[in-house]
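# Fold and geometry: a report
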Amino acid sequence: MAAFHTTDELDPGQRLLVRIDVNAPIEDGEVQSTRRFERHAESIRELLDAGHALAIMAHQGRPGRDTFTGLEQHAFILSDLVGEEIEYVPSTFGEEAVEAIADLEPNPDAASAGAEDAAGDADTTGEAILLENVRMTDGELPEEPPEVKAQTEFVRTLAKAFDGYVNDGYSVAHRSHASIVGFPEVMDSYAGPVMADEYEYNTSVERREFDGDVTMVLGGTKAEDVIAAMDHLEDTVDTFLLGGVVGELFLRARGHPVGHDLEDGPDLYDENYEKNEDLIADVLDRFGDRIETPVDLAYEDENGERAEHAVVDVEEKTVSYMDIGHETVEAYRPIVEDSAAVLVKGALGVFEDERFSYGTVEVLRAAGESDAFCVVGGGDTARTVPMYDLDPAGFDHLSIAGGAYLQALTGEGLVGVDALERAAERMDG
Ligand code: 3PG
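Anyway, here's the lowdown on the structure attached to this text. Being a predicted model, the structure only gives us computed values, none of them experimental. (Residues numbered from 1 in each chain as written. Predicted model: local features only at pLDDT ≥ 70, side-chain atom pairs only at ≥ 80, totals over all residues. Heavy atoms only, no water.)

Pairing in this open sheet of six strands is parallel, and the strands run β5-β6-β4-β1-β7-β8 from one edge to the other. Since the sheet does not close on itself, it has two edges, and those belong to β5 (86-89) and β8 (189-191), each with one partner. Each strand axis lies, on average, 25° off the axis of its neighbour in the sheet, ignoring direction. For strand β7 (residues 164-167) and β8, the ladder comprises three bridges, and the chain directions are parallel. Looking at the pairing, Asn167 lines up with Ala191 of β8. Sheet contacts for helix α1 (residues 35-49): β1 (15-19), β4 (53-57), β5 and β6 (128-131); angle to β4, the most-contacted strand, approximately 155°. Packed on one face of the sheet, helix α2 (residues 72-82) meets β5 and β6 and runs near 170° to β5. (Pairing = 2+ DSSP bridges. Helix = DSSP H or I, 4+ residues; strand = E, 2+ residues; numbered from the N terminus. Axes fitted to C-alpha atoms, helices over the stretch in contact; angles between N-to-C directions. Contact = heavy atoms within 4.5 Å.)

What follows is the structure, given as structure tokens:
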């Protein structure tokens, strides 16, 4: 059991500063997935029903990336899912935010007012606002120790306006940012429902013993988190099956001319490779015999169709790779089927585009249909399950976390959870 306090312990009608994680894939400025929103909407509904007034903090993307946007549409999506207006405030701790926070009204009588509302009157819940993307705020980034973050103007300004801080953002709890580790240093702090649930599940996986092989399927675009985790998973995982960006980077380390940026392609490879080259070489040296890389890759040909070629036939990378190929799926499938546990982090291809969903979907299908214990994490990867009609009953847990889930599997603590535990000690002490 975690040693943090949870929102179930709060008296009704508190003024709460709540961190959630609705960081989403964005295309042409539009949010592409509402998976995280759906989970957090349930937490928000629960907190509002307890009459709390909420100022919600979240981030989207990182400075310099195409996915770095304001949170106006996030507020619309949340309002829709919660069934109540969550007002977007285009400021995090500036005058506009401070005024909107001062106007927030908790409703300590919410629970008893529920009956009255059925009769048609009375406001039965607290109210909520969504503050601007915290990563647009001075002091949120970069990663620094909690005591440094607690001293930022951001934390000092907002901390005094609330009765408590809630962290519901398990999926960002591995980042030592102000909204994650700064507030709990100086405020009474609680884990929200998503935080408590994901924490329990993911930590239990790390502690579990499996009667057979543990296979990890690793893909997605955040290669740095994946490579760092692999370094710590040598003793836990028997076989790694790679795809996505990390698959190409390991192929490059094995001497293939892939895993490079193309002039008109995304900047996902060169910088990542240069930063992680030594670690990749070290990992390959230590347990490379347990790391499987794609034998063929899929791309879009000149007619807009899916085409594939064998990795050994590539003399120079001239196309963007969008998926692992059919031969690779045939190589990965029996490994998955014979495993006692399959832990998935990240997609093996661009599954949002049906032409390039084959690798991700077929490997997930094999995992779901096998008897293996199976967890799917990776921010967005679990979206594949409803999108391609895979049976959700085949999976033991579909996590909305990516990097945090991976880090939890390595047994390394999450700074955001540590911060909640320190706050609990202080509150109890
Ligand atoms: C995620 O999407 O995994 C979290 O929101 C963390 O985002 P980050 O990798 O940009 O810090």
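So, about the packing of α1 against helix α8 (residues 193-207). Between α1 and α8, the shortest axis-to-axis distance is 8 Å and the interhelical angle comes to 130°. Between α1 and α8, the angle is such that the two are oblique. Residue-level inspection shows Arg39, His40, Ser43 and Glu46 of α1 in contact with α8, the latter providing Pro193, Val194, Asp197 and Glu198. In the contact of α1 with α8, the residues fall into two nonpolar, two polar and four charged. (Parallel < 35°, antiparallel > 145°, perpendicular 65-115°, else oblique. Nonpolar A, V, L, I, M, F, W, Y, C, P; charged D, E, K, R; others polar.)

When you line up the elements, Leu47 lands in helix α1. Residue Leu47 is classed as buried on the basis of its relative accessible area, which comes to 5%. Along the chain, Leu47 and Thr381 lie 334 residues apart, while their C-alpha atoms are 28 Å from each other. Here Leu47 is in contact with Thr7, Leu16, Val18, His52 and Leu54, once residues within four sequence places are set aside. (Buried < 20%, exposed > 50% of the residue type's maximum accessible area, 1.4 Å probe, protein only.)

Contacts to the ligand come from Asp21, Asn23, Arg36, His59, Arg62, Arg135, Ser171, Arg175 and Lys222. Here an oxygen atom of the ligand sits 2.6 Å away from a polar atom, N or O, in the side chain of Arg175. Residues of the shell around the ligand, tallied by class, amount to no nonpolar, three polar and six charged. (Near = heavy atom within 4 Å. Polar contact = N/O pair within 3.5 Å; in protein donor to acceptor, adjacent residues only side chain to side chain.)

Side chains of Glu85, Glu87, Glu95, Glu96, Glu99, Asp103, Glu105 and Glu127 sit close together on the surface and give a patch of like negative charge. At four residues, helix α3 (residues 95-103) tops the list of elements feeding residues into the negative patch. Taking the relative accessible area as the measure of exposure, Glu127 reaches 32% and is therefore partly exposed. (Patch = residues over 30% accessible without salt bridge, like charges linked within 9 Å, V, L, I, M, F, W, Y side chains within 5 Å. Areas by Shrake-Rupley, 256 points an atom, 1.4 Å probe, with all protein chains shown as cover. Salt bridge = Lys/Arg side-chain N within 4 Å of Asp/Glu carboxyl O. Lys, Arg positive; Asp, Glu negative; His and termini not counted. Charge placed at Lys NZ, Arg CZ, Asp CG, Glu CD.)

What follows concerns the pairing of strand β13 (residues 306-310). Sheet topology places strand β12 (residues 296-300) next to β13; five bridges connect them, and they run antiparallel. Paired with Asp296 across the two strands is Ala310, which belongs to β13. Linking β12 back to β13 in an antiparallel pair, the connection comprises five residues, with Gly304 at a positive phi of about 80°.

Looking now at the nonpolar core. Judged by nonpolar contacts, the single largest core of 66 residues is most densely connected at Leu17, Leu131, Phe183, Phe240 and Phe250. When residues are assigned to domains, this core turns out to be shared by domain 1 (7-199 + 413-428) and domain 2 (203-398), each giving three or more. When sequence neighbours within four positions are dropped, the list of residues in contact with Phe250 reads Ile227, Met230, Leu242, Ile280, Val283, Leu284, Ile291 and Thr293. Among the nonpolar cores identified, the runner-up in size contains 26 residues, and Leu16, Phe37, Val82 and Val166 belong to it. (Core = buried A, V, L, I, M, F, W, Y, C linked by side-chain atoms within 4.5 Å. Domains from an automatic or database assignment.)

It is worth stressing that arrangement in space is one thing and function is another; only the former is reported here.
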